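Observations on the three-dimensional arrangement
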Amino acid sequence: MVTFHSTRLERTTTANISCDDISADLQAFVDATGIRNGLLVAAGQHTTTALVVNEAEERLLGDIERHFLALTPPDRAYAHNDLHLRPGIPADEPRNAHAHLIALKLGNHLTLPVVDGRLGLGRYQAVLLVELDGPRQRQVLLQLCGDGSGVGG
């Protein structure tokens, strides 16, 4: 029998731009449900974060940050950052157009297979929550649908 389970993963990011490996959190959710085979959907709840699958190697993560900041520098003139032209925005509104544009390139959701109770990730793959406008409190909506029985069950 196919069942659905949902939760929200909460994470406080600690830097303006960072990549946080949330793979263990996703696996813990899978473990708690008892689902053995199915699909896990992870959806970021913010327009200045992204979700990606890549290697969680420290030097590569720095390369990723530098790559996207070179493509979309924060100090470029963006219409979104003309705060005086945007009615009704809060006083603490950040100039963060670059973060929105980078998030648009990366995407905000993933679908991952669950096979025999494990996330279907390769040897060097990790699920990364990419913070682009932090530090902030962030949420990722998780929904798992599947079967608690063994393969083919």
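Chains are numbered independently. Their residues run from 1 in the order of the written sequence. The predicted origin of the model limits local features to residues at a pLDDT of at least 70 and limits the giving and counting of side-chain atom pairs to 80 or more, whereas totals for whole chains, interfaces and linings rest on all residues. Side-chain metrics rest on all non-hydrogen atoms present in the structure, leaving aside hydrogens and water.

Here's the deal with the sheet that holds strand E7 (residues 126–131)
Our working definition: Pairing between strands requires that DSSP locate at least two bridges from one strand to the other. A run of DSSP states H or I qualifies as a helix once it reaches four residues; a run of E qualifies as a strand once it reaches two. Both are numbered from the N-terminal end. What counts as an axis is a line fitted to C-alpha atoms, over the stretch in contact for a helix, and the angles between N-to-C directions run from 0 to 180 degrees.
With antiparallel pairing, three strands are arranged side by side in an open sheet as E2-E7-E4. Single-partner strands in this sheet number two, and they are strand E2 (18–21) and strand E4 (49–54). Strand-to-strand twist across the sheet, computed as the mean angle between neighbouring axes with direction ignored, equals 30°.

Topic: the environment of Phe68
Rules: A contact between two residues is defined here by any heavy atoms of the two lying within 4.5 Å.
Note that Phe68 resides in helix H2 (residues 58–71). C-alpha of Phe68 to C-alpha of Leu101: the two residues are 33 residues apart in sequence and 9.7 Å apart in space. Look past the residues within four positions of Phe68 in its chain and what remains in contact with it is Ile102, Lys105 and Leu106.

Overview of helix H1 (residues 23–33)
Counting along an α-helix, one turn takes 3.6 residues, and residues three or four places apart therefore face a common direction. For the record, the criterion: Burial classes: relative accessible area under 20% of the type maximum marks a residue as buried, over 50% as exposed, and values in between as partly exposed (1.4 Å probe, protein chains only). Think of it as the arc spanned by the lines of direction from the helix axis to the C-beta atoms.
Within the sequence span of H1, burial applies to Ser23, Leu26, Gln27, Phe29, Val30 and Thr33. Seen along its axis, H1 keeps its buried residues to an arc of 155°; they face one direction. In H1, the exposed positions angled more than 90 degrees off the buried face are occupied by Ala24 and Ala32. Gly34 sits one or two positions beyond H1 and adopts a positive phi of about 80°.

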